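Each chain, written out:
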Amino acid sequence: MSVDFADRVKNLPPYLFKEIDRLKAELLAKGVDVINLGVGDPDLPTPPHIIERLQKAALDPANHQYPLYSGMNAFRDAVARWYKRRFNVDLDPSSQVLTLIGSKEGIAHLPLAFINPGDLALVPSPAYPVYQVSVMFAGGTSHIMPLVKENGFLPNLDDIPEDTARHAKLLFINYPNNPTGAVADAAFFEKVVAFAKRYDIIVCHDAAYSEMAFDGYRPMSFLQVPGAMDVGIEFHSLSKTYNMTGWRIGFAVGNAHVISGLAQIKSNVDSGVFNAVQLAGVEALDGDQNCVQQMQAIYQERRDILIQGLRRAGLDAQPPKATFYVWCPTPRGMSSADFTAKLLKEAGIVTTPGSGFGEPGEGYVRMALTVDKERLQEAVERILKLSW
């Protein structure tokens, strides 16, 4: 085959974890017991009542046809009810709620609705790579907003040059944050709204981890801030909240104009979410929420085990208030890649180098709390045997 890849594929950043995967495969081939703290995929099962609703819905032939592009009315209504209960935010299900094949899909498609070749988006770093890649696929360019410890891993909007702000169309934010575990308060979101109104920018808030919080902390919705509905939308997923990563269902809510633009893209590139999965989503959102509290308790216990162990090892790891990630500083003088390789080669522990999420992530590794507490304790014991 002589047909070359398109430039958008050629311009993709190199696969961040290629060398890690090679080393991991090498160790597995040698029979090493590898503990994987690199994957942000819940190991906990989907709650039984959600599975039972799927089973029942899948047996109904009425659900075997194409779904509505914008999502079942029943699911969008359930999203609106959930937002009202959880955040006291009022949504019109018909114009301000859109069903997604997971929040990743919606985030990836949004720039296609608003970014023309040469247009600009404001993108945080370190961050979920989809933000920057989706802008590139739409022909746009990204202005990077560094997330650093000194600013609580929040972007400093005052550092954005005036000319850059005036030309930007999109602003991506994500709190609770992947990979840093940082959280944002109302004051930050109010500043984002004022900034977006001043420069006529669409705010895209990725809130996938809003229900994964600890110590009684309750993350807020960006849409709770006055004026937020005028400037942006929020993405959410059932993947983390209800351990439904493989089900591929999420939603976008907020400004009707932005939702409409995203819906137009989706109607041309996908055929929606299987109705049975959407009905299971209704059960998740409307059903017993004790499963969410149980999940939070499990991840909090795991967090405490890992944080205590890392501190015993001399690493200045701070307990996150939310997400199931620990953003751990590397030992003095050691790069993210070097520390990742050391943990893998000498302890059989897979982690993710912070630099893989963007240059400002250098000096950190991300550890996911997606193994049970016994395996985490084993990981701690292995780390304590290392020296640096």
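Starting afresh in each chain, residues are numbered from 1 along the sequence in its written order. Totals for whole chains, interfaces and linings use every residue, but because this is a predicted model, local features are given only for residues with pLDDT of at least 70 and side-chain atom pairs only at 80 or more, for both listing and counting. Derived side-chain values reflect all non-hydrogen atoms in the structure, with water molecules and hydrogen atoms excluded from consideration.

*Asks:* Got a minute to help me understand the layout of surface pockets in this structure?
*Replies:* Any space left empty among the atoms is revealed by the rolling of a water-sized probe across them. Computed from the structure, the second largest pocket encloses a volume of approximately 270 Å³. By residue number, the principal contributor to the lining of the second largest pocket is strand S9 (residues 325-329), which donates four residues. An automatic or database domain assignment is the source of the domain bounds shown. Residues from two domains meet in the lining of the second largest pocket; each of domain 1 (7-45 + 290-385) and domain 2 (48-288) gives at least three. A 1.4 Å probe that fits but cannot get out identifies a cavity on a 1 Å grid over protein atoms alone, an open set with protein on both sides within 12 Å along at least five of seven lines counts as a pocket, and a residue lines either if it has an atom within 4 Å of a point. Grid points are joined across faces, edges and corners, and a volume is the space filled by probe spheres set on the points. Only DSSP runs of H or I reaching four residues or more are called helices, and only runs of E reaching two or more are called strands; each is numbered from the N terminus.

*Asks:* Explanation requested: the pattern of salt bridges in the structure shown.
*Replies:* Close approach of charged atoms allows side chains with opposite charge to pair. Put simply, a salt bridge is a Lys or Arg side-chain nitrogen that is within 4 Å of an Asp or Glu carboxyl oxygen. On inspection of all chains with the given rule, the structure shows 21 salt bridges. Between Arg382 and Glu378 there is a salt bridge; the shortest N-O distance is 2.9 Å. Taken together, the positions of Arg382 and Glu378, both in helix H15 (residues 373-384) and four residues apart, correspond to about one turn of that helix. For Arg382, a relative accessible area of 13% puts it in the buried group. Think of it in three bands: with a 1.4 Å probe and only protein chains considered, a residue is buried below 20% of the maximum accessible area for its type, exposed above 50%, and partly exposed in between. The partly exposed category is assigned to Glu378, whose relative accessible area is 33%. Through salt bridges that share partners, Asp33, Arg375, Glu378 and Arg382 make up one connected network.

*Asks:* Is there a simple way to explain empty space enclosed by the protein in this structure?
*Replies:* All chains considered together, the criterion is met by one cavity of 30 Å³ or more. Put simply, the largest cavity is a space of about 30 Å³. What lines the largest cavity is Tyr175, Pro176, Val183, Ala184, Phe189, Tyr217, Pro219 and Met220. When grouped by side-chain class, the residues that make up the lining of the largest cavity number eight nonpolar, no polar and no charged. In this count, Pro and Cys sit with the nonpolar residues alongside Ala, Val, Leu, Ile, Met, Phe, Trp and Tyr, while Asp, Glu, Lys and Arg are called charged and the others, Gly among them, polar.

*Asks:* Whenever I open this one, a nonpolar patch on the surface confuses me. Can you help?
*Replies:* Taken together, the side chains of Phe5, Val9, Leu12 and Phe137 define a hydrophobic patch exposed on the protein surface, amounting to about 370 Å² of accessible area. With respect to the helices, strands and loops of the structure, Val9 is situated in helix H1 (residues 7-10). Surface patches are drawn from residues lacking salt bridges whose relative accessible area is over 30%; two like charges belong together within 9 Å, two nonpolar side chains (Val, Leu, Ile, Met, Phe, Trp, Tyr) within 5 Å. Surface exposure here means Shrake-Rupley accessible area, sampled with a 1.4 Å probe, where a residue is shielded only by the protein chains that are shown.

*Asks:* Explanation requested: the packing of helix H5 (residues 103-114) against helix H11 (residues 256-269) in the structure shown.
*Replies:* Each pair of packed helices can be summarised by the angle the axes make with each other and by the distance between the axes. For every element, the axis is a line fit to its C-alpha atoms; helices are fit only across the contacting stretch, and the angle between N-to-C directions ranges from 0 to 180 degrees. Contact geometry for H5 and H11: axes closest at 8 Å, N-to-C directions at 105°. The angle between H5 and H11 falls in the class roughly perpendicular. Here Glu105, Gly106, His109, Leu110, Leu112, Ala113 and Phe114 of H5 come into contact with H11, specifically with His257, Val258, Gly261, Leu262, Ile265, Lys266 and Val269. Orientation labels follow simple angle bins: below 35 degrees gives roughly parallel, above 145 gives roughly antiparallel, 65 to 115 gives roughly perpendicular, and whatever is left gives oblique. We call two residues in contact whenever any of their non-hydrogen atoms come within 4.5 Å of each other.

*Asks:* Help me understand the nonpolar core in this model?
*Replies:* Side chains of a nonpolar character, in soluble globular proteins, are inclined to be buried together. If you look at the biggest cluster of nonpolar residues, it comprises 97 residues, and the most contacted ones within it are Tyr83 and Tyr242. Ranked by residues supplied to this core, first place goes to helix H13 (residues 290-312) with eight residues. Shared between two domains, this core holds at least three residues of each, these being domain 1 (7-45 + 290-385) and domain 2 (48-288). Beyond its immediate sequence surroundings of up to four residues, Tyr83 is in contact with Asn88, Val89, Leu91, Ser221, Leu223, Glu234, Phe251 and Val253. Ile115, Leu170, Ile202 and Val258 belong to the second largest nonpolar core, which has 23 residues in total. We define a nonpolar core as any set of buried Ala, Val, Leu, Ile, Met, Phe, Trp, Tyr and Cys residues linked to one another through side-chain atoms lying within 4.5 Å.

*Asks:* Would you mind showing me how to read the sheet that holds strand S12 (residues 364-368) here?
*Replies:* Whether parallel or antiparallel, the strands of a sheet pair through hydrogen bonds between backbone atoms. Sheet architecture is open: three strands sit in the order S9-S12-S11, paired in antiparallel fashion. The strands lining the two open edges of the sheet, one partner per strand, are S9 and strand S11 (352-353). Pairing between S9 and S12: five bridges, direction antiparallel. For Tyr325, the partnering residue across the bridge sits in S12 and is Ala368. Sheet strands touched by H13: S9 and S12. Its angle to S9, the strand with the most contacts, is close to 10°. Seen against the sheet, helix H14 (residues 336-347) touches S11 and S12 and runs at an angle of roughly 45° to S12. For two strands to be treated as a pair, DSSP must find no fewer than two bridges joining them.

*Asks:* Would you mind going over the UniProt feature "domain: Aminotransferase class I/classII large" (unreviewed entry) in the protein with me for this structure?
*Replies:* UniProt positions are given in the numbering used here, feature names are shortened, and annotations may be inferred rather than shown by experiment. UniProt tags residues 33-383 as "domain: Aminotransferase class I/classII large" (unreviewed entry). Taken end to end, residues 33-383 has its terminal C-alpha atoms 14 Å apart, with 42% of it in helix and 16% in strand.

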